[in-house]
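Survey of secondary and tertiary structure
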Amino acid sequence: MRGPNAVDFWRGYALICIFVDHIPGNPLERLTMRNFTICDAAELFVFLAGWSVSLATGGPQRGHTSGRVTIRFLSRMVEVYRAQITITAIALAILAGAALWLENNLYLEWHNAEPVFTAPVWTTPALALMTHQLGFFNILPLYVVLLAMAPLIVIIGRYSLTLCGLVSFAVYAATLIFRINLPSWPYAGEWFLDPFAWQFLFTLGFIGAELAATERLEALVRPLFWPAAVILALGLVVRFTGYSPDPMQVPSPRLFFLFDKTYLSPARLVSLIALVICFAGAYSRIAAFSHQLAEVLASLGRNSLAVFSIGSLLSLIGQIVRFESAGLVIVDLAYSALGIGLMIFTAWFVEWRTRSKRPPSQPSASLA
Amino acid sequence: MAHKIKTATIAALCLAGIATFLLFAPADPLQPESPRTELPEPKYAAAPSCVGDNGIRPKPASLKSLPKALAENGTLTVLVVGSSAYEDGPLAPDDSYPDRLATYLKSIFKHEDIELVSRNISGEVAYDAGERMRAEIAETDPDLVVWQVGAADALARVDLQEFESAFTETLDWLQEHDIDVVLVDPRYVPELAEDPAYRRIVGAIWYYASTREIPLVRRYDMMRNLALPDDSNAAPPQYRLTGFDNRCMARKVAEVIVVSSNSERPDKRR
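Here's what I pulled together on the structure shown here. These numbers come from a predicted model, not from an experiment.

Tallying secondary structure elements over chain B gives nine helices and five strands in all. Ordering the α and β elements of chain B from the N terminus gives α-α-β-α-β-α-β-α-α-β-α-β-α-α. Of all 270 residues assigned to chain B, the portion counted as buried reaches 45%. Considering only residue pairs separated by 6 or more positions, chain B has 79% of its internal contacts joining residues 24 or more positions apart.

Structure below.
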């Protein structure tokens, strides 16, 4: 098991924000990062996943072979896919159970679940194909596709980071111009988080880590600190004033000028990059201030897949609890504390299980 | 000394956190807010096919841009938000609510081209849905938006004021851009018949539809009438409720659109 580090710490922070944000109406959601920046925790999570891709493949100096990289990410992709199918099945069971035992059929219609119960013959293969996603359960499908793209990103990136960035940007720009997205089925529509757009952020995370490993990142980033701070301040103003660009007023292609989450509009992407630049050095100060806090959040980040999966299910249960308790603030607070506690327990449990299975000398599973 | 400074800093941070929370925390839901509109007691209306035939009629009001669009272009683009059409599957191609609505509208507006775009924004409260809806509107450029609103907010127990603020902001935006809207309120659920928060959201939609003269399909009311036990109906109430959404919603929405667009049209061909 590796010690606490900035990537795991911020990933742990993102996981807590996602858990809280996925209980709409919870008063604590006013304190998560999306209230202060244009982006939200999903962007941070994907950027750090991209960063981890570099670490998991040995970095630029001791890069793994193409074959090993491909096998590694295919294996990880299967693992994430398995988690998606498992948590979707449990989420459906939670909704059906709530409908049965709380005697309220409305639960069967929550979050796109309705066709699963009314047309299972069509929706079951759609769930397996991830073309039908439950509301709030759409980050892992994105991650599965990003992991499928990861070998290509690593291979091109290890050949030339500039080429990797340019190819990724070209795909991103074309996606925003032509609104390219994966379709949903059997419902008409598209994926909530477009992998062709989000791959750019994932790639930027990878490029950032590769540059950091060769100590080229700091020189690039240092002059950008104050511009990034100004961007963050503007984001703060945007959030406090509630400003959002009017889609009818912006020029075409509109997605470049909106705050669209599905297609990861540039404003969201730039906001996240600015956040990363400004807070890059914050981890060491936080860790110096409270080692325990750093350790706890890093443990969440280290076990992100398990913690994310449990967190997603806890969010869904939280929505039911919130509805049944008529939105009582005290219940929200108590449940949020319990949920975060269970996420911490999950991280501890996964590490305990890993420790008890392996001899202490063996290295722990790496990030991506 | 360093330890004391650290303890004092932690205490100060905790206090600042509590103060921030108290500043931004919504009103305690235990404090009941007075409803915008008192929902009347239900009265049963016999309805062998679709409720409303002999009972409550959908409340018409005037649509302003839609008749103009029909007269000038001969085309009508309708964006249906809140319920998605099946691309494929058991209800394809004509049986889902948006597809049925398209069929009804095409049979009514025979001389015009009707394009119906359906966007499902599942689980999103009015604040988030409003933002996505604006982007969809910019992309599809509809003459009319049919907006099923309120259910996600009611289920998320969103603060009434917060809901109203997001809801009216989107209505203002639609008005600014001369886009007509037809509202559809949340469905009636017998288990939540007495739930004050659910009723407050429905009441708020009725209030704003009425004060702003926005056509409203009173799904809640119609379904509530259907839910009443009735010896003359063979199907038990819960089946009638399911049947309503499958069979009657499209018809009721089409009815409201036609009545509301005719009220402003100088040339009533239908």
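A few words now on the overall build of chain A. When helices and strands are counted, chain A shows 15 helices and zero strands. For 368 residues, the compact-globule estimate of 2.2 N^0.38 gives 21 Å, and chain A sits close to it at 21 Å. Principal-axis analysis of the C-alpha atoms gives chain A an extent of 60 × 60 × 40 Å. Across the 368 residues in chain A, those meeting the buried criterion constitute 48%. Intrachain contacts of chain A at a sequence separation of at least 6 include 74% that bridge at least 24 residues.

A few words now on the sheet that holds strand β2 (residues 113-119) of chain B. Spatial strand order, β2-β1-β3-β4-β5 (chain B): five strands in an open sheet with parallel pairing. The open sheet has two edge strands with one neighbour each: β2 and β5 (216-217) of chain B.

Looking now at helix α7 (residues 196-211) of chain B. Residues and elements named next belong to chain B. Helix length check: α7, at 16 residues, gives a terminal C-alpha distance of 22 Å against a target of 22 Å (1.5 Å per residue), a fit within 8%. Along α7, the residues classified as buried are Ala197, Tyr198, Arg200, Ile201, Val202, Gly203, Ala204, Ile205, Trp206 and Ala209. On its buried face, α7 is in contact with α5 (151-155), α6 (160-176), β4 (180-184), β5 and α8 (219-227). Trailing α7 by a residue or two, Glu213 shows a phi angle of about 55°, which is positive.

Take the packing of helix α6 (residues 139-159) of chain A against helix α8 (residues 195-213) of chain A next. All names here are of chain A. Relative to each other, α6 and α8 sit at 45°, their axes nearing to 10 Å. Taken together, the axes of α6 and α8 lie oblique to each other. Seen along the crossing, α6 lies across α8 with a hand that is right-handed. Two secondary-structure elements touch here, α6 through Leu142, Val145, Leu146, Met149, Ile153 and Gly157 and α8 through Pro195, Trp198, Gln199, Phe202, Thr203, Phe206, Ile207 and Glu210. By residue class, the composition of the contact of α6 with α8 is 10 nonpolar, three polar and one charged.

For the rest of this paragraph, the subject is the packing of helix α2 (residues 41-56) of chain A against helix α11 (residues 266-279) of chain A. Residue and element names in this part refer to chain A. Two numbers describe how α2 lies on α11: the axes approach to 10 Å, and their chain directions differ by 65°. Comparing their axes, α11 and α2 come out roughly perpendicular. In this structure, α2 meets α11 at a crossing whose hand is right-handed. From α2, Glu43, Leu44 and Phe47 reach across to α11, where they touch Arg268, Leu272 and Val276.

Residue and element names in this part refer to chain B. Within β4, five of the five residues are buried, which leaves the element mostly enclosed by the surrounding structure. A two-sided burial pattern is seen for β4, the buried positions comprising Asp180, Val182 and Val184 on one face and Val181 and Leu183 on the other. Bridge count for strand β3 (residues 144-148) against β4 is five bridges, and the pairing is parallel. What sits directly across from Trp147, in β4, is Leu183. Here β4 pairs with β5 via two bridges, running parallel. Each residue of the ladder has a partner; that of Val184, found in β5, is Val217. With α7 bridging β4 and its parallel neighbour β5, the resulting β-α-β unit is right-handed.

Criteria and cut-off values
One numbering rule holds for all chains: residues counted from 1, following each sequence as written. Here chains are named by letter from A upward and ligands by number from 1 upward, in the order in which they appear as written. Local features in this predicted model are restricted to residues of pLDDT 70 or higher, and side-chain atom pairs are both shown and tallied only at a pLDDT of 80 or more, whereas totals for entire chains, interfaces and linings draw on every residue. Every helix listed is a DSSP run of H or I at least four residues long, and every strand listed is a run of E at least two residues long, numbered separately from the N terminus. Buried means a residue has 20 or more other C-beta atoms within 10 Å of its own C-beta, exposed means 12 or fewer, and partly exposed covers the counts in between; C-beta atoms are placed from the backbone. The contact criterion used here is simple: two residues whose C-beta atoms, placed from the backbone, lie within 7 Å are in contact. We compute the radius of gyration from the C-alpha atoms alone; for a globule the expected value is 2.2 Å times N to the 0.38, where N is the number of residues. Whether two strands pair depends on DSSP finding at least two bridges between them. A helix is expected to span 1.5 Å for every residue after the first. Structural elements are reduced to axes, namely lines fitted to C-alpha atoms, with helices fitted over the stretch in contact, and the angle between N-to-C directions of any two is expressed from 0 to 180 degrees. Comment on the angle field: the value is read as roughly parallel under 35 degrees, roughly antiparallel over 145, roughly perpendicular from 65 to 115, and oblique elsewhere. Crossing handedness follows the turn of the near helix against the far one: under a right angle anticlockwise gives a left-handed crossing, and clockwise gives a right-handed one. Asp, Glu, Lys and Arg are counted as charged, while Ala, Val, Leu, Ile, Met, Phe, Trp, Tyr, Cys and Pro are counted as nonpolar; the rest, among them Gly, fall into the polar class. Note on handedness: a crossover is taken as right-handed if, strands pointing away from the viewer, the path from the first strand over the helix to the second is clockwise.

Shape is all these values report; function is a separate question.
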